[in-house]
Amino acid sequence: MAEKVRLQKVIAAAGIASRRKAEELIRAGRVRVNGKVVRELGVKVDPEKDIIEVDGRRIRPPRGHVYILLHKPRSVLSTTSDPFGRPTVIDLVPTDRRVFPVGRLDADSEGLMLLTDDGLLAERLSHPRYGHRKEYIALVIGTPTEKELRALQRGIVLEDGRTGPAEVKVLGRRVPQEVLDAGVPGLQKVSPRGFSWLRIAIAEGRKHQVRRMLKAVGHPVIRLIRVAIGPLRLGRLQPGQWRALTPKEKERLFQEVGLNHERKK
Ligand code: URA
């Protein structure tokens, strides 16, 4: 039997409105459940069985798997739950599906995360054989020299072995446009002397990998923002905001890991 979920969550998951807007719709008497107007916010429904209408139009739970892009803010955990009750990425996405994050970002890192209930896609994306590229923008102490950049590009020895090749570029002291577009908070337009912005892309996903790589060459990370996962980009998604993948993004992603996007659940 499907689990009962809050009405506003079901409306938001159907892509009709944000959770807050869904609450307004309910309060305004524009939502019916099994033919009856519901104005209270606590009501729980079975999205598979109950007939839910917004302005007379029936809404249905999305069919197939769900694929969500989220801009994880700093301090939010990229796990599905936390024994200490700290906020996780799951608290930010309004879906009754059992989605989970594909890959991790440190609590202190921010930016693009993919959440899905598609285990096969997650497995492929996490498999080293597919080695999909993750791109980060980092604010670091100091500026890597040419020699340090070459070392990062070739791979450096960490306690868990040599890293694979990386793409690394120094961007300068001005905050990159991409970071501004994504509304990353708390940054100075131009960082003080002694700090610089880098772009770094890797195809592995070891714990704290980018931070450890940069620390190993003498440039500890102050901020770390993921701006791309394979073909998916952070774009203008603001901290805490999420959206469903477009059909085109889904197709590109599936192609990258050798899955046919038309496949059934
Ligand atoms: N590398 C890191 O060090 N941290 C992250 O969150 C992601 C990649």
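Residues numbered from 1 in each chain as written. Predicted model: local features only at pLDDT ≥ 70, side-chain atom pairs only at ≥ 80, totals over all residues. Heavy atoms only, no water.

(A) Geometry of the site of the ligand. Taken together, Leu-105, Asp-106, Ser-109, Tyr-136, His-208, Gln-209, Val-210, Arg-211 and Leu-224 form the complete shell of residues around the ligand. In this structure, Val-210 approaches the ligand through a main-chain N or O atom, which is 3.1 Å from a nitrogen atom. When the ligand sits alone it has 230 Å² of accessible area, and the protein chains cover 96% of it. Among the detected pockets, the ligand sits in the largest pocket. Looking at the shell around the ligand element by element, the count peaks at three residues for helix 7 (residues 209-216). Looking at side-chain class alone, the shell around the ligand contains four nonpolar, three polar and two charged residues. Here the shell around the ligand spans two domains, since at least three of its residues come from each of domain 2 (67-128 + 233-256) and domain 3 (134-229). (Near = heavy atom within 4 Å. Polar contact = N/O pair within 3.5 Å; in protein donor to acceptor, adjacent residues only side chain to side chain. Areas by Shrake-Rupley, 256 points an atom, 1.4 Å probe, with all protein chains shown as cover. 1 Å grid on protein atoms, 1.4 Å probe; cavity = no way out; pocket = protein on both sides within 12 Å on 5 of 7 lines; lining within 4 Å. Sits in = over half its atoms within 2 Å of the grid points. Helix = DSSP H or I, 4+ residues; strand = E, 2+ residues; numbered from the N terminus. Nonpolar A, V, L, I, M, F, W, Y, C, P; charged D, E, K, R; others polar. Domains from an automatic or database assignment.)

(B) Structural view of the nonpolar core. Of all hydrophobic cores here, the largest spans 28 residues; its most connected members are Leu-115, Met-213 and Leu-214. Of all elements in the fold, only strand 7 (67-72), strand 9 (110-116), strand 10 (134-141), helix 5 (146-154), strand 14 (195-202), helix 7 and strand 15 (221-229) reach the threshold of two or more residues within this core. Mapped onto the domain boundaries, this core takes at least three residues apiece from domain 2 (67-128 + 233-256) and domain 3 (134-229). Residue contacts for Leu-214: discarding those within four places in its chain leaves Ala-138, Val-140, Leu-152, Leu-198, His-219, Pro-220 and Val-221. Counting residues in hydrophobic clusters, the runner-up holds 26 residues, among them Val-184, Trp-197, Leu-253 and Leu-259. (Core = buried A, V, L, I, M, F, W, Y, C linked by side-chain atoms within 4.5 Å. Buried < 20%, exposed > 50% of the residue type's maximum accessible area, 1.4 Å probe, protein only. Contact = heavy atoms within 4.5 Å.)

(C) The environment of Arg-223, seen in detail. Counting through the fold element by element, Arg-223 comes out in strand 15. With 149 residues separating them along the chain, Arg-223 and Arg-74 place their C-alpha atoms 9.4 Å apart. Apart from the residues within four sequence positions on either side, Arg-223 is in contact with Arg-74, Glu-110, Ile-137, Ala-138, Leu-139, Val-184, Pro-185, Gly-186 and Leu-187. Of the polar contacts made by the side chain of Arg-223, one reaches the side chain of Glu-110; its length is 2.8 Å.

(D) The arrangement of the pairing of strand 9 in detail. Counted residue by residue, strand 9 has seven buried out of seven residues, so it is predominantly covered. In terms of strand pairing, strand 7 meets strand 9 through six bridges, oriented antiparallel. Bridging from a neighbouring strand, His-71 pairs with Leu-112 of strand 9. Bridge count between strand 8 (residues 100-102) and strand 9: three bridges; the pairing is antiparallel. Within the sheet, the bridge partner assigned to Val-102 lies in strand 9 and is Leu-114. (Pairing = 2+ DSSP bridges.)

(E) Quick peek at empty space enclosed by the protein. Inspection of the entire model under this criterion finds one cavity of 30 Å³ or more. Space inside the largest cavity adds up to approximately 30 Å³. For the lining of the largest cavity, a count of residues per class yields five nonpolar, no polar and three charged. (Points joined across faces, edges and corners; volume = space filled by probe spheres on them.)

(F) Structural context of the domain arrangement of the protein. The assigned domain composition of the protein is domain 1 (5-59), domain 2 (67-128 + 233-256) and domain 3 (134-229). Domain 1 puts six residues into the contact, and the matching count from domain 2 is six residues. Approximately 460 Å² of surface area, both sides summed, lies buried where domain 1 meets domain 2, with 62% of it carried by carbon and sulfur atoms. When the buried area of domain 1 at its contact with domain 2 is split by residue, Lys-9, Ala-13 and Arg-19 rank highest and sum to 58% of it. The interface formed by domain 1 and domain 2 includes zero salt bridges. Our count for the domain 1 to domain 2 interface comes out at zero residue pairs in polar contact (both at pLDDT 80 or more). A per-element tally of the side of domain 1 that touches domain 2 places helix 1 (residues 7-13) first, with three residues. (Buried area = accessible area lost by both parts, 1.4 Å probe. Salt bridge = Lys/Arg side-chain N within 4 Å of Asp/Glu carboxyl O.)

(G) Fine view of the pairing of strand 15. Summarising burial for strand 15: eight of the nine residues are buried, a large majority. Alignment of strand 9 against strand 15, held across two bridges, turns out to be parallel. From the neighbouring strand, Gly-111 faces strand 15, where its bridge partner is Arg-226. For strand 10 and strand 15, the ladder comprises seven bridges, and the chain directions are antiparallel. Of the residues in strand 15, the one forming a bridge with Lys-134 is Ile-229.

(H) Region of the structure containing the environment of Asp-82. Within the secondary structure, Asp-82 sits in the loop between strand 7 and helix 3 (89-92). Since its relative accessible area comes to 15%, Asp-82 is described here as buried. Every residue in contact with Asp-82, bar those within four places of it in the chain, is listed here: Leu-77 and Thr-88. Within the local environment of Asp-82, its side chain forms a polar contact with the side chain of Arg-86, the two groups lying 2.9 Å apart.

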